Amino acid sequence: MLIYDIWFLFIYMFFLGNLIFVSKNKHLFVVLLSLEFIVLSIFFFFFVLLIFIDYDMYMLMVFLVFSVCEGSLGLSILVSMIRSYGNDYFQSFSML
Amino acid sequence: MFFFILTNNNSNKMFFLFILFFSTLISISSNSWFGCWIGLEINLLSFIPLISNSKNLLSVETSLKYFLTQSLASINFLFMILIKFSLLKNFDMNNIISIMMNSSLLMKMGSAPFHFWFPNIVEGLSWMNNFMLMTWQKISPMILLSYYFNKNFLIFMIIMNLIIGSLGGLNQTSLRKLLAFSSINNLGWMIFSIMISENLWLFYFLIYSMMIFMMISLFFLMNMYFMNQLFINNMNFFIKMNLLINFLSLGGLPPFMGFMPKWIIINFLLINKFYFLTFIFMMTSLIIIYYYIRIIYSSFMFNYFKMKWMNLFMKNNMFLINLSSFISISSMILSTFIFM
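Just so it is clear, the model here is predicted, and its values are computed rather than measured. (Residues numbered from 1 in each chain as written. Chains lettered and ligands numbered in written order. Predicted model: local features only at pLDDT ≥ 70, side-chain atom pairs only at ≥ 80, totals over all residues. Heavy atoms only, no water.)

Comments concerning the overall build of chain A
From N to C terminus, chain A includes three helices and zero strands. Against the globule reference of 12 Å for 96 residues, chain A gives a C-alpha radius of gyration of 17 Å, more extended than a compact globule. Taken along the three principal axes of its C-alpha coordinates, chain A extends 50 × 25 × 15 Å. The buried share of chain A, reckoned over its 96 residues, is 40%. In chain A, the share of contacts with a sequence separation of at least 24, taken over all contacts with a separation of at least 6, comes to 51%. Carbon and sulfur atoms form 72% of the exposed surface of chain A, whose accessible area is close to 5,900 Å². (Helix = DSSP H or I, 4+ residues; strand = E, 2+ residues; numbered from the N terminus. Rg over C-alpha atoms; globule rule 2.2 N^0.38 Å. Buried < 20%, exposed > 50% of the residue type's maximum accessible area, 1.4 Å probe, protein only. Contact = heavy atoms within 4.5 Å. Areas by Shrake-Rupley, 256 points an atom, 1.4 Å probe, with all protein chains shown as cover.)

Below is the structure:
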């Protein structure tokens, strides 16, 4: 059925976001961006799923609030890293 | 531990600790998978301020690694929840979706094969934060695991946990990493006890957290982070005996408290003819006891140093130390008197 082809898009987006998350990057910020990309793909997926249940989008809003909290937590950790190390390169991790 | 937080003018840490406790309760008692995800997110949000401390580089790196692994795991968990919801697989537990959900929960717990962050992060945290990480943070992923697990996948993961937990601790000199690998090994036992019965998991978990609390509080009071510090201090007899008893109890030797939950699990295994799994449980426990005894023998039993200076001042805590020794020795025997 043609309507179920959209799920391949969600799985593809989710998989690509994960792939960038685990790849070797120079900056930490790329990792946080890939996390936000995964959140975006889940948002889209959630939206399409909730259309099938009479347009009750409240759960989507709760999901959005929590993922924004998580994104801002990641940014604050990035800020604390820049304050201590001076950059956000992965090469500066040497203590553990 | 509350005492420690109260005495250091850390009222914001008390706030986050409170939210941490509630996040686990939210996650366990929700009636939808989405509520479970919300609990896990709040758990992450409230644990990071507890461990990040802007005064040194080590805690920045620690909180970053913790955040990256845990956020990836919880976002994967949510995606798998949505796929499970869309494909309507609510009761069929032996498929690939349950494998993916269990994998993300295992990553949250620090179980093998997703354990690589765990010894690193444990190395960067103080003892009290380690205690929270090793005991409280494991409650909600394990209970969520018990709601939808794939039996074959989990048995394979248990075997990996046991082997990695026992072999990984052989070359460690840091006490925190030693307890981290011991924690990975005990995770194997705990995941198997989930598959038997949730009551048994609760029993194992309570005894394990009590043993870890006794060990961690002893190391915290002596301010010891590495194995060579065990030999340099001039400990009196009761502290040495307490350390010996706690290490052997954690390894699961018979007269001590740590043997009881392992005994019940082995009983179940043998009655139901899981002979290969019993063999792996036994052999990995032996390796763990080997490296505990290796620490204890050389520091306490044969040819130990008695330093003239570096005296430990522990007179205020001797009552608690003796009480914890007493509990570790006698609780298994005293528990048989309950039913008389």
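That was the structure; now back to the text.
Some thoughts on the packing of aromatic side chains
Overall, the coordinates contain 33 aromatic pairs over all chains when judged by the stated rule. Each ring, one from A:Phe10 and one from A:Phe44, has its centre 5.0 Å from the other, and the planes form 85 degrees; the classification is edge-to-face. You can see A:Phe10 sitting in helix 1 (residues 6-22) and its partner A:Phe44 sitting in helix 2 (residues 28-51), a full 34 residues away along the chain. For A:Phe10, a relative accessible area of 0% puts it in the buried group. Overall, the relative accessible area of 30% leaves A:Phe44 in the partly exposed class. Three or more aromatic residues link up through ring pairs in this structure, and these residues are B:Trp127, B:Phe219, B:Tyr225, B:Phe247, B:Tyr291 and B:Tyr292. (Phe/Tyr/Trp six-rings, centres within 6.5 Å; stacked < 30°, edge-to-face > 60°.)

So, the interface of chain B and chain A
Counting residues at the interface gives 34 residues for chain B, matched by 35 residues for chain A. Taking both sides of the interface into account, the surface hidden between chain B and chain A amounts to around 3,300 Å²; carbon and sulfur atoms contribute 85%. At the junction of chain B with chain A, the criterion picks out zero salt bridges. Applying the counting rule to chain B against chain A returns two residue pairs in polar contact (both at pLDDT 80 or more). Contributions of two or more residues to the side of chain B that touches chain A are made by helix 3 (33-51), helix 4 (57-87) and helix 6 (117-124) of chain B. Here the element with the most residues in the side of chain B that touches chain A is helix 4 of chain B; it accounts for 23 residues. For the side of chain B that touches chain A, the class distribution of residues is 22 nonpolar, eight polar and four charged. (Buried area = accessible area lost by both parts, 1.4 Å probe. Salt bridge = Lys/Arg side-chain N within 4 Å of Asp/Glu carboxyl O. Polar contact = N/O pair within 3.5 Å; in protein donor to acceptor, adjacent residues only side chain to side chain. Nonpolar A, V, L, I, M, F, W, Y, C, P; charged D, E, K, R; others polar.)

Quick look at the UniProt feature "transmembrane region" (unreviewed entry) in chain A
Residue and element names in this part refer to chain A. Sites flagged by UniProt as "transmembrane region" (unreviewed entry) map to residues 6-22, 29-53 and 59-82. Secondary structure within residues 6-22 divides into 100% helix and 0% strand; the distance between the first and last C-alpha atoms comes to 25 Å. For residues 59-82, helix accounts for 100% and strand for 0%, while the C-alpha atoms at its two ends are 35 Å apart. (UniProt positions renumbered as here; feature names shortened; annotations may be inferred.)

Side note on unusual backbone geometry
Only a minority of non-glycine residues have a phi that is not negative, and only a minority of peptide bonds are not trans. Residues and elements named next belong to chain B. Going from Ala-112 to Pro-113, the amide bond is cis rather than trans, its omega being 0 degrees. Phi angles above zero are rare outside glycine, and Asn-223 is one such case at about 60 degrees. Tracing the backbone through its elements, the reader meets Asn-223 in the loop between helix 11 (198-222) and helix 12 (228-232). For Lys-273, which is not glycine, the phi dihedral falls at a positive 65 degrees. When you line up the elements, Lys-273 lands in the loop between helix 14 (259-271) and helix 15 (275-301).

Topic: the pattern of salt bridges
Residues and elements named next belong to chain B. In total, this model carries two salt bridges over all chains according to the counting rule given. One salt bridge in this structure joins Glu-61 and Lys-65, with 3.6 Å as the shortest N-O distance. Of this pair, Glu-61 and Lys-65 both sit in helix 4, four residues apart, roughly one helical turn. Among the residues examined, Glu-61 registers a relative accessible area of 1% and is labelled buried. For Glu-123, the salt bridge is made with Arg-176, and the minimal N-O distance between the two is 3.7 Å. Placement of the pair is Glu-123 in helix 6 and Arg-176 in helix 10 (residues 175-196), with a sequence separation of 53 residues. Arg-176 shares its class with Glu-123; the two are buried.

Structural notes on the UniProt feature "transmembrane region" (unreviewed entry) in chain B
All names here are of chain B. The sites that UniProt annotates as "transmembrane region" (unreviewed entry) are residues 66-87, 99-118, 153-171, 178-196, 202-222, 243-268, 274-297 and 318-339. Helix and strand shares over residues 99-118 are 65% and 0% respectively, and the end C-alpha atoms of the span are 21 Å apart. With 100% helix and 0% strand, residues 202-222 has its two end C-alpha atoms placed 30 Å apart.

Concerning the side chain of B:Thr69
All names here are of chain B. Take Thr-69: it is sitting in helix 4. For Thr-69, a relative accessible area of 18% puts it in the buried group. For Thr-69, the contacting residues outside a window of four places in its chain are Met-107 and Trp-117.

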